[in-house]
Amino acid sequence: LTANHRLAFNPKFNLSFNSQASYSRYPKKADFTEKSETYTSGLGLSYAFRQWLDFSLDWAHTENRSNVSIDYYTNIFTFKTQAKFWVKNSNV
């Protein structure tokens, strides 16, 4: 599930949200079955500095639960910048 929202008071800002769930179970025919659940959610904010230059800051939280391995969680922060350049097409 992903959602984006461009702010009305300043359309250069864009908020985003994402969420994901994953369930796995294996092996199916053995006496012992491993069950694992992974949940991910994240938030992001991007800013269109110029028509050709974007900045974004994202956060993602992942949590894993399992009956065999150690349960863990992670937090990842990402800063990105993107520059777009156009080349004028000329017929030679």
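Residues numbered from 1 in each chain as written. Predicted model: local features only at pLDDT ≥ 70, side-chain atom pairs only at ≥ 80, totals over all residues. Heavy atoms only, no water.

Draft legend 1. Representation of the packing of aromatic side chains in the model. Evaluated as defined, the whole model comprises six aromatic pairs. Between the aromatic rings of Trp52 and Phe85, the centroid separation amounts to 6.0 Å while the plane-to-plane angle is 35°, which identifies the pairing as tilted. With Trp52 in the loop between strand S3 (34–50) and strand S4 (53–66) and Phe85 in the segment after strand S5 (72–83), this pair connects stretches of sequence that are 33 residues apart. Judged by its relative accessible area of 68%, Phe85 is exposed. Taken together, the ring pairs in this structure connect Phe13, Tyr47, Phe49, Phe55 and Phe79 into an aromatic cluster. The ring of Phe49 is capped by Arg50, whose NZ or CZ atom sits 4.8 Å from the centre of that ring. (Phe/Tyr/Trp six-rings, centres within 6.5 Å; stacked < 30°, edge-to-face > 60°. Helix = DSSP H or I, 4+ residues; strand = E, 2+ residues; numbered from the N terminus. Buried < 20%, exposed > 50% of the residue type's maximum accessible area, 1.4 Å probe, protein only. Lys NZ or Arg CZ within 6 Å of the ring centre and 35° of its normal.)

Draft legend 2. The arrangement of a nonpolar patch on the surface in detail. Where nonpolar side chains cluster on the molecular surface, the patch consists of Leu1, Phe17 and Leu43 and spans about 330 Å² of accessible area. With respect to the element layout, Leu43 can be found in strand S3. The class of Leu43 is partly exposed, set by a relative accessible area of 48%. (Patch = residues over 30% accessible without salt bridge, like charges linked within 9 Å, V, L, I, M, F, W, Y side chains within 5 Å. Areas by Shrake-Rupley, 256 points an atom, 1.4 Å probe, with all protein chains shown as cover. Salt bridge = Lys/Arg side-chain N within 4 Å of Asp/Glu carboxyl O.)

Draft legend 3. Representation of the side chain of Asn64 in the model. Along the polypeptide, Asn64 turns up in strand S4. Side-chain polar atoms of Asn64 contact the side chain of Ser36, separated by 3.2 Å. Among the polar contacts made by the side chain of Asn64, one reaches the side chain of Thr38 at a distance of 3.2 Å. With residues up to four places along the chain from it excluded, the contact list for Asn64 reads Ser36, Glu37, Thr38, Asp71 and Tyr72. (Polar contact = N/O pair within 3.5 Å; in protein donor to acceptor, adjacent residues only side chain to side chain. Contact = heavy atoms within 4.5 Å.)

Draft legend 4. Spotlight on the sheet that holds S4. Reading across the sheet, the five strands line up as S1-S2-S3-S4-S5 and stay open at both edges, with antiparallel pairing between neighbours. The open sheet is flanked by strand S1 (2–6) and S5, the only strands paired with a single partner. Between one strand axis and the next, the sheet turns by 10° as a mean value, whatever way the strands run. Across 14 bridges, the pairing between S3 and S4 is antiparallel. Within the sheet, the bridge partner assigned to Arg50 lies in S4 and is Leu53. (Pairing = 2+ DSSP bridges. Axes fitted to C-alpha atoms, helices over the stretch in contact; angles between N-to-C directions.)

Draft legend 5. Quick look at the pattern of salt bridges. In the structure shown here, the tally under the stated rule is three salt bridges. For Asp58, the salt bridge identified is with Lys80, shortest N-O distance 3.4 Å. Placement of the pair is Asp58 in strand S4 and Lys80 in strand S5, with a sequence separation of 22 residues. Here Glu63 and Arg65 are joined by a salt bridge, their closest N and O atoms 3.0 Å apart. On the basis of relative accessible area, Glu63 is assigned to the partly exposed category, the value being 26%. The class for Arg65 is partly exposed, based on a relative accessible area of 39%.

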